[in-house]
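Given next are the chains, with one letter for each unit.
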Amino acid sequence: MEPNKPLPVIGSLQTGIHIIDTLIEQDRPLKFTEIQELTGITKSNLYKYLNTLTMLGLLYRDKKQGTFFLGSKLIEYGNAAIGSENVISRVTPYLKDISRHTQLTALLSVWTHDGPVIANIWSASYGLNIGAQIGTKLPLLSSAGKMMAAFQQSPDVNEWKTDELLKLPDGEKNQFEKELDVIRSTYFSYAGEPLVDHVSSFSVPILNYKKELVGAITVVGFTQLIPKHTDTEISQFVLKNAFELSESFGWH
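Keep in mind that what you see is a predicted model, and the values were worked out from it rather than measured.

Considerations on the UniProt feature "domain: HTH iclR-type" (unreviewed entry) in the protein
Part 1 of the reasoning: Sequence positions flagged by UniProt for "domain: HTH iclR-type" (unreviewed entry) are, in local numbering, residues 10–72.
Part 2 of the reasoning: Annotated as 60% helix and 16% strand, the span residues 10–72 places its first and last C-alpha atoms 24 Å apart.

See the structure below:
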């Protein structure tokens with residue numbers, strides 16, 4: 001292959017992925033006319049693309065509303081990409097119990113090759129915009145990001161952490177390293193409003209028999225409802241669940 005020569009691509013595949021990307025970017029179900037307007041694809045071609053993507057399970061069509069949204073097949077692909085299907089199935093009942101007990105949103109985040117992402121969410125009964133969804137990549141200063149930085153030891157984690165720390169002033173970098181020491185000793189991290197105003201979170205680790213991080217359980221809610229330390233009933237309840245989960249992965 002000649003140097004600098006563009007690689008051959010399949011245009012129709014790019015178009016299909018563009019439709020999926022459009023739905024992700026809009027973050028809501030879209031009608032046929034909206035997708036056509038946003039993508040610029042001709043109506044006759046878009047009809048065939050949407051039929052194919054729906055048939056494959058990549059999109060789902062609500063027949064009553066006439067809208068399209070992301071299909072369950074994408075969740076399967078996402079789980080395979082992060083290699084955590086077994087983790088998700090094992091943790092999900094705990095997320096449900098934590099959310100029911102605390103009346104807050106509980107989520108699982110896991111490490112991928114370029115940062116922590118949300119792998120599952122169990123939402124509280126009331127409507128709350130947490131500023132994230134399944135597949136959202138989380139920043140270093142989120143409570144889950146801090147937990148990953150504290151317990152996940154690998155070259156790609158160190159590279160991610162170094163890159164993220166470059167964005168902080170020197171004083172904050174030093175403070176952050178001290179905070180990581182506290183997180184390692186308490187198994188608890190807190191972040192005040194890292195993604196959305198008035199919404200904060202705390203995280204606890206799930207560890208395996210090697211004391212490596214399997215994932216992090218995060219509890220999210222309005223700032224005034226989220227504990228900042230381990231000495232509350234909610235914190236202790238979530239830690240108890242995390243320790244129980246860790247034991248199922250061989251941690252002692």
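Having put the structure on the table, let's press on.
A short note on the pairing of strand S2 (residues 59–62)
Part 1 of the reasoning: Bridge count between S2 and strand S3 (residues 67–70): four bridges; the pairing is antiparallel. Counterpart to Arg-61 in the pairing with S3 is Phe-68.

Observations concerning the pattern of salt bridges
Part 1 of the reasoning: Counted according to the given criterion, the structure contains seven salt bridges.
Part 2 of the reasoning: For Asp-170, the salt bridge is made with Lys-173, and the minimal N-O distance between the two is 3.6 Å. With Asp-170 and Lys-173 both in helix H8 (residues 170–186) and three residues apart, the pair spans about one turn of that helix.
Part 3 of the reasoning: On the accessibility criterion, Lys-173 (22% relative accessible area) is partly exposed.
Part 4 of the reasoning: Where Asp-181 meets Arg-184, a salt bridge forms, and the shortest distance between an N and an O atom there is 3.0 Å. Here Asp-181 and its partner Arg-184 are both found in helix H8, three residues apart, which amounts to about one turn of the helix.
Part 5 of the reasoning: You can call Asp-181 partly exposed: its relative accessible area is 48%.
Part 6 of the reasoning: With relative accessibility at 31%, the residue Arg-184 sits in the partly exposed group.

So, how was this worked out
Residues numbered from 1 in each chain as written. Predicted model: local features only at pLDDT ≥ 70, side-chain atom pairs only at ≥ 80, totals over all residues. Heavy atoms only, no water. UniProt positions renumbered as here; feature names shortened; annotations may be inferred. Helix = DSSP H or I, 4+ residues; strand = E, 2+ residues; numbered from the N terminus. Pairing = 2+ DSSP bridges. Salt bridge = Lys/Arg side-chain N within 4 Å of Asp/Glu carboxyl O. Buried < 20%, exposed > 50% of the residue type's maximum accessible area, 1.4 Å probe, protein only.

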